[in-house]
Amino acid sequence: MAVRIFSVDEDSIASRLGFAPGDELIQVDDEPINDVLDYQFYTDSDSFHLKARIAGVEKILQVDKDTYEPFGCNFETYLGDKKHSCSNHCMFCFIDQLPKGMRESLYFKDDDERLGFLFGNYITMTNMGEHEIDRIIKMHISPVNVSVHTTDPQLRIRMLANKQAGEVLRYLKKMADAGIELNCQLVMCPGINDGEHLRSTLTDLLNLGPSVQSIAAVPFGMTRYRDKLFHLEPYTQQGAAETLAILEEFGDLSKEKYGRRVVFPSDEFFLQAGKEIPEAEYYEDFAQLENGVGMWRLFREEFLAELRRPHRLFGEKSVDIVTGTLAAPLITDMTQELERQYPMVHVNVHAIRNDFFGGNVDVAGLVTGTDIVAQCKGKTTGTTLCIPEVMLRAEKDLFLDGMTPAQVAGELGVKFEIVPAGGGDLAKALLRTGLRLNRHRA
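How each quantity is defined
- Residues numbered from 1 in each chain as written.
- Predicted model: local features only at pLDDT ≥ 70, side-chain atom pairs only at ≥ 80, totals over all residues.
- Heavy atoms only, no water.
- Pairing = 2+ DSSP bridges.
- Helix = DSSP H or I, 4+ residues; strand = E, 2+ residues; numbered from the N terminus.
- Axes fitted to C-alpha atoms, helices over the stretch in contact; angles between N-to-C directions.
- Contact = heavy atoms within 4.5 Å.
- Core = buried A, V, L, I, M, F, W, Y, C linked by side-chain atoms within 4.5 Å.
- Buried < 20%, exposed > 50% of the residue type's maximum accessible area, 1.4 Å probe, protein only.
- Phe/Tyr/Trp six-rings, centres within 6.5 Å; stacked < 30°, edge-to-face > 60°.

A look at the sheet that holds strand β8 (residues 144-147)
A sheet is described by the order of its strands in space; here four strands give the open sequence β8-β9-β10-β11, paired in parallel fashion. Whereas interior strands pair on both sides, the edge strands pair on one side only; in this sheet they are β8 and β11 (263-265). Each adjacent strand pair in this sheet contributes to an overall mean axis angle of 20°, direction not counted. Across four bridges, the pairing between β8 and strand β9 (residues 182-188) is parallel. Its bridge partner being in β9, Val-146 is matched across the sheet by Cys-184. Sheet strands in contact with helix α7 (residues 195-206) are β9, β10 (212-219) and β11, and its direction is about 175° off that of β9.

This is the structure:
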């Protein structure tokens, strides 16, 4: 195996050694270079032998450089090769529930441990062999984010529809014993992996010791496009409360045993069960924000902290902001407090019901332009529509349904502004007028 160079940094070690686009890196000190992780790890040394193919000729070069000095090669993809696709057919898979006709990239299921290291993605380990686990341990890639769901081998095979799903659970212990930190995810399906199965899973994971840094439990997401898929029903308030009680019980136990909570229910479990979101101290270092654990509390704390800072505004401002139905009560509460302190600013919150996906989809990140237009037509009160950046892809130019922010704003007859998702940053964006006036205090 080898990785092909796409470009070479100017004045880098690689350029001085004569590397050019199209050349290939083969080995460093007899270690094969298969992807960007191998490249970064093995070229990090201050001295090594490099086997490469330059202008079609295989050579072995002695490389001497400063420790941590970049070698200077770039590759066509950020991984150096193709992403590893998922080999599972999970009963709760959200991608399997997408309607037809969306962007092609949305249908790709990745299950790549390298993306976990680079971007924090979660992996199931079903397409990994012993050598990938050994590489994680050798390179001490940590933490590793794992979608566990259950530690019952047969149930995991059933949930993931993959014969390897049970066998690879042993990798958890192997990594934990080697000191690799693990963040675990449990996608909860009512009547499948909750109840006593959940108790068993939490017991097994906590028994792996302090290497398990956190365990997040989230209810599965269901759209209206589940034809011919495994039949699942969303959590009822009672079911959410019962599952929450188990998670809280084990969180308390781990707090006593390790001095850390470790087990965290997602915000959705508290909201669906009709329970108060815990205070910030409950979430410790907010290790599972990407799973919706503590986002509600952190947003509130940051928003209110920004309001406590001095802001001097002048003139009046009236804007509209869209959000999902899950976050709407929080956004409304925060903007009302903003208006109390700054009565010259008016924010009209639109809770967008997700008709595009249907089911129990209620998060802001899955709101589409189609639903915004349908539900905000004739109801905007300001001249600017604030669109949270989480509703758009990374380039901030497209909703999931392919509409652009400009198209949405045009349909509604307003200007648009893309606003940040964090509480403090959103508060600043809503207060930004470019003019000055004394702050109002009640």
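Concerning the nonpolar core
Judged by nonpolar contacts, the single largest core of 90 residues is most densely connected at Phe-19, Leu-25, Phe-71 and Ile-215. With residues up to four places along the chain from it excluded, the contact list for Phe-71 reads Ser-12, Ile-13, Ala-14, Leu-17, Phe-19, Tyr-39, Thr-43, Phe-48, Leu-50 and Val-63. If you look at the next biggest cluster of nonpolar residues, it comprises 17 residues, including Ile-352, Val-373, Leu-392 and Val-408.

Quick look at the packing of aromatic side chains
Throughout the structure, instances matching the rule amount to 14 aromatic pairs. Summarising the aromatic geometry, the rings of Tyr-39 and Phe-75 are spaced 5.0 Å apart at their centres and angled 85° between planes, so their arrangement reads as edge-to-face. Highlighted residues: Tyr-39 in helix α2 (residues 36-42) and Phe-75 in the loop between β7 (73-74) and α3 (113-119), separated in sequence by 36 residues. On the numbers, 5.1 Å between centres and 85° between planes, the contact of Phe-41 with Tyr-42 is edge-to-face. Ring pairs connect the aromatic residues Phe-19, Tyr-39, Phe-48, Phe-71 and Phe-75, which therefore count as one cluster.

So yeah, pure geometry; function would need other evidence.
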